[in-house]
Amino acid sequence: MFGRKRLQGVFTAVVTPFDSRQNLDLRWMERHLAFQRASGVDGIVICGTNGEGHSLSLTEKRRLIEFTRKHRGRLRLIVATGTSSLAECIELSHAARKAGAEALLVPPPFFDHTASEEGIIEYFRRVANSSAIPVILYNIPWRTGIPVTASILRALKGHRRIIGVKDSSGDLDVTRELVTSFPRLQIFCGTDTQHLPALRLGCAGLISGVANVFPDAVVQVWKAHRERRGDAETRQEIVTALTRVFEGLPPRAATKYALELAGMPRTFVRPPAVELTDRQRDLLRSRLNP
C-alpha cells in the first residue's frame, strides 16, 4: 500500500504509561516497546482506546508519537488520531506521517451522537483527503455510540486513502458483513476472544489489547491460522482464557497492574479511568497465579 507491504498480522494496542504525577512516563514506554519487539508482534497502535488517547492532550500525543518513532525499532506503527475535533485529527495525522506511521486509526467523532450519517461521512472524507498515509476506520460503537455502517463505507468506497476497518463491535456478524461486502478493505479484528473466527472469515490481522501482557499468545493464534496448524483452536482458547482474567475489572488499570506483576515498574491510569482497589488487585493476582 503506497509502496509498502500490506498491513497484516498482530498489532498490540499499547497502553500509555503515566507516573504518579500524571505525566507521560516515557522511560516505562521504552521498556514496553522493547518487550513488544521481542515478543514477535508485527506492530503497535498508539493513542487508541487502550492507550487512553481520549485523555491525552494534543501536545502529549505529539510527544508520544515522536518518542515512538525513535524507539519502535522494527515494529510497524499505526497511530490513532481520531478526536471530536476535525482540525486536531488532521494535525495529528500529519504528525503521524512524519513519524513514519503506516496508517491512521480513526473512529467517528464521538461527542455528538446525534450527528447525521452525512456528517460522519464528511468527517471521514476530510480526514482521508488531508492524509498522506492510509486510513483505517475504527468501528467501536459501544464506546463512540456511532457505528461505522455499511452505508458509510459504501459512501466512501473507492477513496484511495481508506484501506480498512478495525472492527471492535464484538459481533462476528458485523465482521462477516465487512469482509464479504468490502473485499478490497483490510478488516482487523479488535476483539481478543474472536481472533480465530475473525481470521477464518478473512480478516487481515488482529489489533489486540491482551497482547500488552501476553503478546506471544496472540501471535500463536495468528501463526497457527496462517500455517493451518491443528492447534489453532487451542491457541484461541488460551487467548480467550487470558482475556477473561481481566473480566469485571477496569481494563486499563488491570492491564497495567498485570504488567507490574510481570516485572514492569508501576504505572498509573488517568481520570476518568480509575486505579484498581486493593480487593481488585488481589483478585487479579489470584487469577494470574491460581
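This text goes with the structure placed above it.
All figures in this text were calculated on a predicted structure; none of them were measured in a lab. (Residues numbered from 1 in each chain as written. Predicted model: local features only at pLDDT ≥ 70, side-chain atom pairs only at ≥ 80, totals over all residues. Heavy atoms only, no water.)

*Asks:* Got a minute to help me understand the packing of aromatic side chains in this structure?
*Replies:* Note on aromatic pairs: each is described by the distance of the centres and the angle between the planes. Applying the stated criterion across every chain, the model contains two aromatic pairs. Ring geometry for Phe11 against Phe188: centres 6.2 Å apart, planes inclined by 90°, an arrangement best described as edge-to-face. With Phe11 in strand β1 (residues 9-13) and Phe188 in strand β7 (residues 186-189), the pair connects residues that are 177 residues apart, well separated along the chain. Just as Phe11 is buried, Phe188 falls in that class too. (Phe/Tyr/Trp six-rings, centres within 6.5 Å; stacked < 30°, edge-to-face > 60°. Helix = DSSP H or I, 4+ residues; strand = E, 2+ residues; numbered from the N terminus. Buried < 20%, exposed > 50% of the residue type's maximum accessible area, 1.4 Å probe, protein only.)

*Asks:* What is the right way to look at the pairing of strand β6 (residues 162-167) in this model?
*Replies:* On a regular strand, one side chain projects to one face of the sheet and the next to the other, so that they alternate. Within β6, six of the six residues are buried, which leaves it mostly tucked inside the rest of the structure. Two strands pair when backbone bridges link them, and strand β5 (residues 135-139) and β6 are joined in this way by five bridges, in the parallel orientation. Opposite Val135, over in β6, you have Ile162 as the bridge partner. Sheet analysis places β6 next to β7, joined by four bridges and oriented parallel. Bridge pairing in β7 links Val165 to Ile187. The handedness of the β6 to β7 crossover, carried by helix α7 (residues 172-181), is right-handed. (Pairing = 2+ DSSP bridges. Right-handed = clockwise from strand over helix to strand, strands pointing away.)

*Asks:* When you look at empty space enclosed by the protein in this model, what are you seeing that I'm missing?
*Replies:* Where empty space is left can be seen by rolling a probe of water-molecule size over the atoms. Summed over all chains, the structure comprises one cavity of 30 Å³ or more. Of the voids in this model, the largest cavity is the one considered here, and its volume is about 30 Å³. Taken together, Ala13, Val45, Gly48, Thr49, Asn50, Leu105, Tyr138, Lys166 and Ile207 make up the full set of residues lining the largest cavity. Residues of the lining of the largest cavity, tallied by class, amount to five nonpolar, three polar and one charged. (1 Å grid on protein atoms, 1.4 Å probe; cavity = no way out; pocket = protein on both sides within 12 Å on 5 of 7 lines; lining within 4 Å. Points joined across faces, edges and corners; volume = space filled by probe spheres on them. Nonpolar A, V, L, I, M, F, W, Y, C, P; charged D, E, K, R; others polar.)

*Asks:* Mind showing me how you'd approach the pattern of salt bridges here?
*Replies:* Side chains carrying opposite charge are able to pair once their charged atoms draw close together. Going through the model one piece at a time under the given rule, you end up with 14 salt bridges. A salt bridge links Lys256 to Glu52; its shortest N-O distance comes to 2.9 Å. On the criterion of sequence distance, the pair formed by Lys256 in helix α11 (residues 251-261) and Glu52 in the loop between β2 (43-46) and α2 (58-71) is long-range, its members being 204 residues apart. With respect to burial, Lys256 and Glu52 carry one shared label: buried. Note that Arg176 is salt-bridged to Asp173, the shortest N-O span being 2.8 Å. (Salt bridge = Lys/Arg side-chain N within 4 Å of Asp/Glu carboxyl O.)

*Asks:* Explain the environment of Gly145 to me, please; I cannot follow it from the model alone.
*Replies:* Summarising the element assignment, Gly145 is placed in the loop between α5 (141-144) and α6 (150-155). Owing to a relative accessible area of 38%, Gly145 belongs among the partly exposed residues under this scheme. The sequence separation of Gly145 and Pro108 amounts to 37 residues, and the corresponding C-alpha distance is 8.9 Å.

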